[in-house]
Amino acid sequence: MWCSRAAVRRLQRVAVAPLTVSAMHKTMSTVSRVYVTRQIPPEGLEILRKSGQVQFELWNSDDPVPREELLKKVKGVDGLLCVLTEKIDAELLDAAGPNLKVLSTMSVGFDHLSQPELKKSELNFVCVCFLRGIRVGYTPEVLTDAVAELTVALLLTTSRRLIEATHEAKTGGWGTWRTLWLCGYELANSTVGILGLGRIGIAIAERLKPFKVKKFIYTDVAPRPELAEIIQAEYVSMDELAKQSDFLAVCCALTPETQGICNHNLFSKMKNTAIFINTSRGGVVNQEDLYEALSTGQIAGAGLDVTTPEPLPTNHPLFTLKNCVILPHIASASYTTRNAMSALAANNLLAGLRGEPMPKELKL
Ligand SMILES: O=C(O)C(=O)CO
């Protein structure tokens, strides 16, 4: 990354600023051992390096750290900075041991974390309460724009059949202009349904509105009037969401309650002309039921940025369908957003290790 001379001078002033004796003592006495499970974008690494607060080891690769290696590397660390591919469960927390007090995930999703294990307390053999009490930071908000933008792109790609169209153009299928060839479905005058209304659902709706959407509807565990008001969305039941939506966007977190919630029951109530979009987590969808709905024409198309498993094996039946667009989990993949996620994850970790409130702390 290039900095202006003035910026470099500012950084140098900060880097060499004299420390008071007490600040120096505090800094020296609180250097924490941290493991970073992936080569994260540079902004976060810079923050960790410049903090003087942590001594960190990094799995210096773009691919996930092998589990065996991870279990060895976490031993005795005070903090862990991970990404969404790492399963943070009892095995890992036991391997880390009692020093581990802060976990920072570079993701808004936290279904890869075992929350009960992180906050666990239990009685040991002398009846003393054993408390893991690990604090957790995550990265909401900074990725909302990127995810909403990608969701709109995926929706339009699916509904206007762009992948099929470029394929036909490239491979000689483009004989002439034909009246109904490669027709799709348009947003103008449509009803858009949102499953799980939060920041991302709102951001998607705000972007879709200029396409002349007629109505937004949503469902959630309960009505969210203060959010719904922003996009004038109507709260409906899950059944009504399925029946009324021309476009259905899944925006809910993956929890035990939402696991497999998009299944035959939902798809069978949807319109034959409906487009289903999922940029949340693959686990909310029953993929066998989705395959059936797409291959029988129960619904018109699906755009998925997330699947189970990830990566989805290249021989998976969903890849055989022309009306299914599958992306490799790239909703937050813009340079700006990934750097912002990396920076927030680093700042969460450092604040947690100082015993201060994290910029974005997950309430366990
Ligand atoms: O942050 C997350 O949870 C993601 O899925 C990244 O796109």
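Keep in mind that what you see is a predicted model, and the values were worked out from it rather than measured. (Residues numbered from 1 in each chain as written. Predicted model: local features only at pLDDT ≥ 70, side-chain atom pairs only at ≥ 80, totals over all residues. Heavy atoms only, no water.)

Draft legend 1. Fine view of the pairing of strand β11 (residues 247-250). Neither face of β11 is open: one carries Phe-247 and Ala-249, the other Leu-248 and Val-250, and all of them are buried. Bridge analysis of strand β8 (residues 191-195) against β11 gives 4 bridges, and the strand direction is parallel. Directly across from Val-192, in β11, lies its bridge partner Phe-247. Where β11 meets strand β12 (residues 275-278), 4 bridges bridge the pair, whose relative direction is parallel. Paired with Leu-248 across the two strands is Phe-276, which belongs to β12. (Buried < 20%, exposed > 50% of the residue type's maximum accessible area, 1.4 Å probe, protein only. Helix = DSSP H or I, 4+ residues; strand = E, 2+ residues; numbered from the N terminus. Pairing = 2+ DSSP bridges.)

Draft legend 2. Looking closely at the site of the ligand. Within the structure, the ligand sits among Leu-84, Ser-107, Val-108, Gly-109, Leu-143, Arg-281, His-329, Ser-332 and Met-341. Contact between the ligand and Gly-109: an oxygen atom at 2.7 Å from a main-chain N or O atom of the residue. Between the ligand and Ser-332, the relevant distance is 2.9 Å, taken from an oxygen atom to a side-chain nitrogen or oxygen of the residue. (Near = heavy atom within 4 Å. Polar contact = N/O pair within 3.5 Å; in protein donor to acceptor, adjacent residues only side chain to side chain.)

Draft legend 3. Fine view of the pairing of strand β4 (residues 102-105). Neither face of β4 is open: one carries Val-102 and Ser-104, the other Leu-103 and Thr-105, and all of them are buried. Here strand β3 (residues 79-82) pairs with β4 via 4 bridges, running parallel. Its bridge partner being in β4, Cys-82 is matched across the sheet by Thr-105. Tracing the backbone out of β3, into helix α5 (residues 90-96) and back to the parallel element β4 gives a crossover that is right-handed. (Right-handed = clockwise from strand over helix to strand, strands pointing away.)

Draft legend 4. Structural view of the domain arrangement of the protein chain. If you check the domain split of the protein chain, you get domain 1 (32-141 + 337-354) and domain 2 (162-171 + 182-322). Averaged C-alpha coordinates put domain 1 and domain 2 at centres separated by 32 Å. (Domains from an automatic or database assignment.)

Draft legend 5. Region of the structure containing the sheet that holds strand β15 (residues 361-362). Pairing is mixed across the open sheet formed by 6 strands, whose spatial order is β2-β1-β3-β4-β7-β15. Two strands bound the open sheet, and with one partner strand each, they are β2 (54-58) and β15. The sheet strands contacting helix α3 (residues 42-51) are β1 (32-36), β2 and β3, and the helix crosses β2 at an angle near 140°. Helix α14 (residues 335-353) rests against β1, β2, β3, β4 and β7 (135-137) of the sheet, and its axis sits at about 170° to β4. (Contact = heavy atoms within 4.5 Å. Axes fitted to C-alpha atoms, helices over the stretch in contact; angles between N-to-C directions.)

Draft legend 6. Here's a closer look at the pattern of salt bridges. Counted under the stated rule, the structure contains 18 salt bridges. Of the charged contacts in the structure, one is a salt bridge between Glu-46 and Lys-50, with a shortest N-O distance of 3.0 Å. With Glu-46 and Lys-50 both in helix α3, this residue pair falls 4 residues apart, about one helical turn. Glu-46 sits in the partly exposed class, given a relative accessible area of 30%. On the accessibility criterion, Lys-50 (52% relative accessible area) is exposed. A salt bridge links Asp-145 to Arg-207, with the shortest nitrogen-to-oxygen separation between them at 2.9 Å. Of the two residues, Asp-145 sits in helix α7 (residues 144-159) while Arg-207 sits in helix α9 (residues 199-208), which places them 62 residues apart along the sequence. (Salt bridge = Lys/Arg side-chain N within 4 Å of Asp/Glu carboxyl O.)

Draft legend 7. Unusual backbone geometry, seen in detail. Omega for the bond connecting Thr-308 with Pro-309 falls within 30 degrees of zero, at -10°, which places this linkage in the cis form. Within the fold, Pro-309 resides in the loop between β13 (301-304) and β14 (324-326). In the segment running from Glu-310 into Pro-311, the intervening peptide bond is cis, with an omega of -5°. Within the element layout of this structure, Pro-311 appears in the loop between β13 and β14. In this model, Arg-161 sits at a positive phi of 55°, which is unusual for a non-glycine residue. The phi angle at Asn-189 is positive, at roughly 70°, despite the residue not being glycine.

Draft legend 8. Examining the packing of α7 against α9 more closely. Across the interface, α7 lies against α9 with an axial gap of 9 Å and an inter-helix angle of 55°. Classed by the angle they form, the pair α7 and α9 counts as oblique. Classified by chirality, the crossing of α9 by α7 is right-handed. Note on element contacts: α9 touches α7 through Arg-199, Ile-200, Ala-203, Ile-204, Arg-207 and Leu-208, opposite Thr-144, Asp-145, Val-147, Ala-148, Glu-149, Thr-151, Val-152 and Leu-155. Of the residues in the contact of α7 with α9, the class split is 8 nonpolar, 2 polar and 4 charged. (Parallel < 35°, antiparallel > 145°, perpendicular 65-115°, else oblique. Left-handed = near helix turned anticlockwise from the far one by under 90°. Nonpolar A, V, L, I, M, F, W, Y, C, P; charged D, E, K, R; others polar.)

Draft legend 9. Spotlight on the nonpolar core. Residues Leu-48, Leu-197, Leu-208, Phe-216 and Ile-231 are the most contacted members of the largest nonpolar core, which totals 47 residues. Counting only domains with at least three residues in this core, you end up with domain 1 (32-141 + 337-354) and domain 2 (162-171 + 182-322). In this structure, Leu-195, Val-250, Cys-262 and Phe-267 belong to the second largest nonpolar core, which totals 27 residues. (Core = buried A, V, L, I, M, F, W, Y, C linked by side-chain atoms within 4.5 Å.)

Draft legend 10. Spotlight on the sheet that holds strand β10 (residues 233-235). The strand order β10-β9-β8-β11-β12-β13-β14 describes an open sheet built from 7 strands, whose pairing is parallel. Since the sheet does not close on itself, it has two edges, and those belong to β10 and β14, each with one partner. Between one strand axis and the next, the sheet turns through 20° on average, direction left out of account. By the bridge criterion, 3 bridges tie β13 to β14 in an arrangement that is parallel. Pairing of Leu-304 across the sheet is with Ile-326, part of β14. Against the sheet, helix α13 (residues 287-295) touches β12, β13 and β14, its axis set at about 140° to β13.

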